[in-house]
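Here are the chains, one letter per residue:
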Amino acid sequence: VANDQALVIDGSSYYGFAAYTAAWVALPVSPNATVLNPTPQQNDSIWLVLDGNDVWAFTAFRGSWVSTPAVAPPTAFRARGTTAVAASAAGIQGFSALTNAWASSPAPGPAPTLAVNDDLQVISSSGNFIGFSGLRGTFAAISLPTVTLTTGETVCHATDGAGQHWAYSAVRSTWTTLP
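Note that the coordinates shown come from a computational prediction; the quantities given were computed from them, not determined experimentally.

Colleague: How do you make sense of the overall build of the protein chain when you look at a structure like this?
Modeller: Along the backbone of the protein chain there are zero helices and 19 strands. Taking 16 Å as the expected radius of gyration for a compact globule of 179 residues, we find that the protein chain reaches 16 Å, a close match to that expectation. For the protein chain, the spread of C-alpha atoms along the three principal axes comes to 55 × 30 × 25 Å. Buried positions account for 51% of the 179 residues belonging to the protein chain. Across the protein chain, contacts joining residues at least 24 apart in sequence account for 43% of those joining residues at least 6 apart. Both charge centroids of the protein chain, one from 5 positive and one from 9 negative side chains, sit 10 Å from each other.

Colleague: For this particular structure, what's the right way to read the side chain of Thr68?
Modeller: Along the chain, Thr68 falls in strand β7 (residues 64-69). When near neighbours in sequence (up to four residues on either side) are disregarded, Thr68 contacts Asn53, Asp54, Val55, Gln93 and Trp102.

Colleague: What am I meant to see in the sheet that holds strand β8 (residues 76-80) here?
Modeller: Strands in a sheet are paired, the pairing made by backbone hydrogen bonds, and the direction either parallel or antiparallel. With antiparallel pairing, the four strands of this open sheet are ordered in space as β8-β9-β10-β11. Two strands bound the open sheet, and with one partner strand each, they are β8 and β11 (101-105). On average, adjacent strands in this sheet sit at an angle of 10° to one another, irrespective of strand direction. As judged from the six bridges shared by strand β9 (residues 83-88) and strand β10 (residues 91-96), these two strands associate in the antiparallel manner.

Colleague: Would you take a moment to explain the packing of aromatic side chains for this structure?
Modeller: Aromatic rings in a pair are described by how distant their centres are and how their planes are angled relative to each other. This model, assessed by the stated rule, comprises six aromatic pairs. Measuring from centroid to centroid gives 4.9 Å for Tyr20 and Phe61, while their planes differ by 45°, and the two rings are tilted. In this pair, Tyr20 is assigned in the loop between β2 (13-18) and β3 (23-28) and Phe61 in the loop between β6 (54-59) and β7, connecting sequence segments 41 residues apart. Relative to Trp102, the ring of Phe95 lies with its centre 5.2 Å away and its plane at 55°, an arrangement referred to as tilted.

Colleague: I would appreciate a short explanation of the sheet that holds strand β12 (residues 113-117) in the present structure.
Modeller: The sheet built from four strands is open, its strands ordered β12-β13-β14-β15 with antiparallel pairing. The open sheet has two free edges, formed respectively by β12 and β15 (138-143), since each of these has just one partner strand. Direction aside, the axes of adjacent strands within the sheet are offset by 20° on average. Sheet analysis places strand β14 (residues 128-133) next to β15, joined by six bridges and oriented antiparallel.

Colleague: Sorry, what's going on with the side chain of Thr83 here?
Modeller: Mapped onto the fold, Thr83 is located in strand β9. A polar contact is formed between the side chain of Thr83 and the side chain of Gln121, at a distance of 3.0 Å. Apart from residues no more than four positions distant in its own chain, Thr83 is found in contact with Ile46, Arg78, Phe95, Asn117, Asp118, Asp119, Leu120, Gln121, Phe132, Ser133 and Gly134.

Colleague: Quick question: what am I supposed to make of the pairing of strand β19 (residues 174-177) here?
Modeller: Sheet faces and side chains relate simply in a regular strand, where the side chains alternate between the two faces. As paired strands, strand β18 (residues 165-169) and β19 are joined by four bridges and run antiparallel to one another. From the neighbouring strand, Tyr168 faces β19, where its bridge partner is Trp175. Where β18 folds back onto β19 in an antiparallel hairpin, the turn is made up of four residues, including Ser173, whose phi is positive at roughly 55°.

Colleague: I would appreciate a short explanation of the environment of Gly127 in the present structure.
Modeller: Residue position: Gly127 is located in the loop between β13 (120-125) and β14. The sequence separation of Gly127 and Thr146 amounts to 19 residues, and the corresponding C-alpha distance is 6.5 Å. Among residues more than four places away in sequence, those in contact with Gly127 are Ile142, Ser143 and Leu144.

Colleague: It is not clear to me how the environment of Pro31 should be interpreted in this structure. Could you clarify?
Modeller: With respect to the helices, strands and loops of the structure, Pro31 is situated in the loop between β3 and β4 (34-35). Pro31 gets classed as exposed once you look at its relative accessible area, which sits at 84%.

Colleague: Looking at this structure, how should I read unusual backbone geometry?
Modeller: Most peptide bonds take the trans form, and the phi angle of most residues other than glycine is negative. One non-glycine residue with positive phi stands out, namely Ser126, at about 55°. Assignment of secondary structure puts Ser126 in the loop between β13 and β14.

The rules we used
- Residues numbered from 1 in each chain as written.
- Predicted model: local features only at pLDDT ≥ 70, side-chain atom pairs only at ≥ 80, totals over all residues.
- Heavy atoms only, no water.
- Helix = DSSP H or I, 4+ residues; strand = E, 2+ residues; numbered from the N terminus.
- Rg over C-alpha atoms; globule rule 2.2 N^0.38 Å.
- Buried < 20%, exposed > 50% of the residue type's maximum accessible area, 1.4 Å probe, protein only.
- Contact = heavy atoms within 4.5 Å.
- Lys, Arg positive; Asp, Glu negative; His and termini not counted.
- Charge placed at Lys NZ, Arg CZ, Asp CG, Glu CD.
- Pairing = 2+ DSSP bridges.
- Axes fitted to C-alpha atoms, helices over the stretch in contact; angles between N-to-C directions.
- Phe/Tyr/Trp six-rings, centres within 6.5 Å; stacked < 30°, edge-to-face > 60°.
- Polar contact = N/O pair within 3.5 Å; in protein donor to acceptor, adjacent residues only side chain to side chain.

Set out below in structure tokens:
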């Protein structure tokens, strides 16, 4: 059970329950299916399931399962608030609970890492940063020097410690540089 949803695993089916629709929805799965974001990960409204080459998302807002083919087995994945991301060195898939759709982006580099908050995720590697907005269901990329990231619910702030600042807005799905 998470904030707005429940998940029951029963043999060859996973059942998602959405508080907003008050309905159970079945997902037939193979024996190798895996829940990528168990309850302790603060997943408010999205369940992620990897089954073969498909990543499935269930959102409490819509009460449906939506799939996307995995570019490669995800090495970094997280769901929180309105966002879910499955990332690998081969590419990124982002899911928006509000649009009920997946979007894809090239990977920022090898071994991507995630900075996560309720309405955004920032995927980074090798000085490349890609913001994903759960509000819009879109990606925005920027290349930065070595920075420190701080995330809020809809904003990610980056600073290089030498006076340069950048911010990512999940509301606009864009990066902006402090003049």
